[in-house]
Amino acid sequence: MSKRTLGNINSLKNRMMLIFLLLIIVILAVTLQIVQSATYNHSTEQLLRHTQTSMSVVKDNIRNRSNILENALGNLVKDFSIKQLIAGGADDQASLISAMENQQNRINADIYMVFSENNTLLASTFIDNDVAAVVPANFQGTGKHWIEIDQQFYMVKVSPVRFVETSQKINGWVLMGIKAANLVGQELYDLTDMQVSLFKPSKPNLILGSTFSTDVLDELSLQDLSVYAGLHMFKHKGMDYIYTTDVLGVLQDLSLYILLAIPVEKAYLSYNSLLFQLVGLLAVAAFITLFAAMILSRGITFPVSQLVKVAKKIRLGEYVTKFPSPSTNEIDELSVAISEMQEGIKTRQEEINHLAYFDTLTTLPNRNQFSLHLSKTLAGDDNKKVTVLMMDIDRFKEINDTVGHDVGDIVLTLIVDRLLGYGGNKAFYARTGGDEFGIVFDDSGEHDPAELAASIHSVFELPFNIEGMVLDIHTSIGVAVYPIDAQTSQGLMQCADIALYSCKGKHHPYAVYKPELNKHSMQRLNLMSELKEALNLGQLELYYQPKLHIKDKVISSVECLIRWNHPVHGFVPPDNFIPLAEQTGVIRDVTHWVLKEALRQQQQWRLGGHDIAIAANISAVDLIDMKLPAYVAQLMTEFDVDAKLLTLEVTESTVMGDPESALKALNTLRDMGISLSIDDFGTGFSSMAQLKKMPVDELKIDMAFVLGLAKNPDDKVMVKTLISLANNLGLTTVAEGVEDEASLDFLSLHGCTKAQGYFISKPLPVPKFNLWYANFLNTKQTSI
Amino acid sequence: MKKPLVGAMLLLSSICQAGNVEVWVFDNNNKPVVNVAVHLNNQNIVSLPVVQDMPIMDQIKKQFSPHILVVQKNTQIRFPNSDLIKHHVYSFSPAKVFQLKLYKGLNADPLLFSKTGVVELGCNVHDSMLGYIYVVDTPYFGKTDANGRFSIEVPDADYQVRLWHPQIQDGMDSLLKTLAVNGRSNISFTLQQTLLPSSVLYEQDTEEFGDYE
């Protein structure tokens, strides 16, 4: 699950984390950008100010040097001995020179010049006369003065010599200068923390002096240096320098500049360090925030996922008592809501349960629970004898219709009271249907099932008193026992039901299950599929029962009766499979087989010299099967059958299902010359009107009337009437189930056409029939 | 000659405005210029008497006194020191290069000034001290008074009248005028250029007795 939800954008936790992450990133980025930008600008401004300050310092420093020089010169020219030497300069140049050198050294100047009052050079550092053109008076004035001699630049100061100080008269000049390169040194670098250079912009730049090392100076002289205010940059061997320039002085219309430079890294050292700290700080802040976000989101999502687990448990039917520990209000509310929901579910579950497993009216367990209980009981101890009783109220529908449903309900509840009063804890009671109850004796021990049923039945012997009415209640009870009758709860219930139905039919108060009662067992269904096979495997055999023509005393026809020799079950009576075959439609194959086999046998007999008519039973299914007439025709052709010698027997109820189609089929068969007879006449449900429509030739009186014909006056009346009816309708009659001579005589007396029954012969297989027939013929011959 | 007599005569002549020649000096604003050295030169006068006694260039209150001293060539000038402090007087002027360490009580020998020209005096110890000795080649010299007037008794003749003052900026040629003295004569000079500012702290009188003015 976690694999699916990790990285899933719909996960709350991930979403929160993502949002927080995005927020943090945005905030950090913006903050970083703003701070960095501001700090950079600030640093740059600081740098600018620093360079400006440094520039001021350098200029001040140089100015000071100039002032010092001026002061020194001022003092120098007041010196008496100097005046003396200057006065005698023309004559004694050597003394002047030596004194001046001495003075120069004192002052830390690099050059000197001494002029007479008419600007004649008396002495100078320069031996060669390169300085011929210098006019000392030009260098007067405050401020810095510059002179270029021999491609060297000097900052110079000049002072007039007045032999008498307060005199107006100038008697000479002394000039002293400092080499430009000496103006710029380590001291300046220490003061400003920047590299100081003096230069004259040109191509290449003329560097007068610098604190830089020579390789940088080479680069510098080639650079196009900006002389505009502000910060600029030049590159040297991959290192960037930031520099600024300012005018130092003017020499011959060309400006001299100071250049201050600092490596970028050094310039922005504090900025870089600050930035680094800032990034570090922000990173830490980010981590802390993310961590907090994690905790926060977890604080929300964890209880939520806990509640999800709880909900899932509730779904599975587990009721949860332990809810996640309270966190936020909203989660608490949710938690409470789910808990209450759980309660609601529990309550409804119980209600549903109650509805599902209990009958609302009687509050007894219902059929579901009955079934479950039974299953549970069976699942328990195998050695127990479990008795299942199904009880229903006789003619309850009538009672309901008579007294009304409300009173009917009351009756039911009273019945339940009586039941419970009887059994109480000894048995499990349930209302399994409208007027049906199921009872389970979990451990019936030695109790006889019939006894149990009888005792329950006796509970209802006393009538009920309802709203002034006295009501008699009769119950029918079917009993089934485990493990004898069935091994499953369904099986037991079914068996009890079957037993119940059987007592309904027989009007017994109760009945215990017998396998014979079961017309609907699986065994029977299996039989059907086996039947089809049986056809192919030749397990079916036709038996023939002769019909005696009473008047003529001949066997005019035989009825074909199907017999099945099941390899496992042995002889299976037709009643056990024919009805079911009719229901499942297998009968069609059966009938086809019967017809074919019968006609074949008929051919055999004809070939043997005996014309025996065949009568075969067909069902409603066969009739409606439109293929039947064609099949019969085909068979007739195949076996060269005389239609007159074929009779098809149908029961009254055969026609009932689809009278139109049945009649149509019957007519078709009739038109083929085949005779039709109605089987089991008198026991079906047909109407006289229908009888009129049916193209039948013969009526078979059901054995129900014939079996006790000899003794039963009612039967006699019935049979007599039926024969009369048939005669009046122009139909021949066959009496089924003739068991004795008296019956036969009666039938003969009253004009019944044919007789069939055990008295004549039971159904026989072909060989036995042949024997019987031969014997019959012999007997007949001898009697004549 | 007797010093006092000559002094008296001079004094008289100056007070009484004696003398037959008057020289007036005015600046470019027609204001009288004081203390201008005036001298009349005549080549014909052969033996020029040395007029005065040994003149003095004193230092009083850290000032040269007089500020401007005019002497005839070959005059000896004495340098006393009326101040209690030491002075180291010197000059590098071509007319006389000398230096004298002058203390109270140390009497330096007088110096002979045998070249004409301006001798600019300074004190090595005191920068503010400035004085002039103007050596002329004629007995007929003097300085203008507060009114810018100088008068002198000279024999009638043709003379070259010259002026000199450290503050005068006019060229020397314009300060030379010829004058034919015949009895009472006068000549006036009007300067063209502005006088240089005075480097002396206060106006110097012509004489010590200037206080009486």
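Note that the coordinates shown come from a computational prediction; the quantities given were computed from them, not determined experimentally.

We now examine the interface of chain B and chain A. Contacts between the two partners involve 16 residues from chain B and, on the opposite side, 13 residues from chain A. With both chains or domains summed, chain B and chain A bury close to 1200 Å², and 60% of this area falls on carbon and sulfur atoms. The largest contributions to the chain B side of the interface with chain A come from B:Phe92, B:Glu120 and B:Asp127, which together make up 48% of the buried area. Between the two partners, chain B and chain A, sit zero salt bridges. Across the contact surface, chain B and chain A share six residue pairs in polar contact (both at pLDDT 80 or more). Secondary-structure elements contributing two or more residues to the side of chain B that touches chain A are β7 (87-93), β10 (117-123) and β11 (130-136) of chain B.

This part covers the sheet that holds strand β17 (residues 510-512) of chain A. Residue and element names in this part refer to chain A. Across the sheet, five strands lie side by side as β12-β13-β11-β16-β17; this open sheet has mixed pairing. Every other strand in the sheet has two partners, leaving β12 (428-431) and β17 as the edge strands with one partner each. Neighbour-to-neighbour, the strand axes of this sheet turn through a mean angle of 15°, independent of strand direction. Across the sheet, helix α11 (residues 367-379) lies against β11 (386-393), β12, β13 (436-441) and β16 (475-482), angled at about 165° from β11, the strand it touches most.

Another aspect to go through is the pairing of strand β1 (residues 21-26) of chain B. Residue and element names in this part refer to chain B. Relative to strand β13 (residues 149-152), β1 runs antiparallel, the two sharing four bridges. Within the sheet, the bridge partner assigned to Trp24 lies in β13 and is Arg149. Across six bridges, β1 lies against strand β16 (residues 185-190) in parallel orientation. Looking at the pairing, Trp24 lines up with Ser188 of β16.

Residues and elements named next belong to chain A. For Asp394, the location among the structural elements is in the loop between β11 and α12 (396-403). Sequence separation between Asp394 and Thr475 is 81 residues; the distance between their C-alpha atoms is 5.5 Å. In contact with Asp394, not counting residues within four places along its chain, are Ile399, His474, Thr475, Ser476 and Lys504.

Attention shifts here to the confidence of the model for chain B. All names here are of chain B. Here chain B averages 81 in pLDDT, while 80% of its residues score no lower than 70. Put simply, helix α1 (residues 3-15) is where chain B has its lowest mean pLDDT, 54, and β11 is where it has its highest, 93. pLDDT under 50 marks residues 13-17. Its contacts with residues more than four places away, or in other chains, come to eight contacts. Ignoring residues within four places in sequence, the model shows residues 202-213, a span with pLDDT below 50, making 14 contacts including any to other chains. Interface confidence in the predicted complex, given as ipTM, is 0.77; pTM for the same model is 0.50.

Residues and elements named next belong to chain A. Inspection of the entire model under this criterion finds 23 salt bridges over all chains. Across the pair Glu649 and Lys547 runs a salt bridge whose closest N-O atoms are separated by 2.6 Å. Here Glu649, found in strand β22 (residues 646-651), pairs with Lys547, found in strand β18 (residues 540-549); they are 102 residues apart in sequence, far enough to count as distant. Neither Glu649 nor Lys547 differs from the other in exposure class; each is buried.

Scoring rules and cut-offs
Residues numbered from 1 in each chain as written. Chains lettered and ligands numbered in written order. Predicted model: local features only at pLDDT ≥ 70, side-chain atom pairs only at ≥ 80, totals over all residues. Heavy atoms only, no water. Contact = heavy atoms within 4.5 Å. Buried area = accessible area lost by both parts, 1.4 Å probe. Salt bridge = Lys/Arg side-chain N within 4 Å of Asp/Glu carboxyl O. Polar contact = N/O pair within 3.5 Å; in protein donor to acceptor, adjacent residues only side chain to side chain. Helix = DSSP H or I, 4+ residues; strand = E, 2+ residues; numbered from the N terminus. Pairing = 2+ DSSP bridges. Axes fitted to C-alpha atoms, helices over the stretch in contact; angles between N-to-C directions. pLDDT = per-residue confidence, 0-100. Buried < 20%, exposed > 50% of the residue type's maximum accessible area, 1.4 Å probe, protein only.

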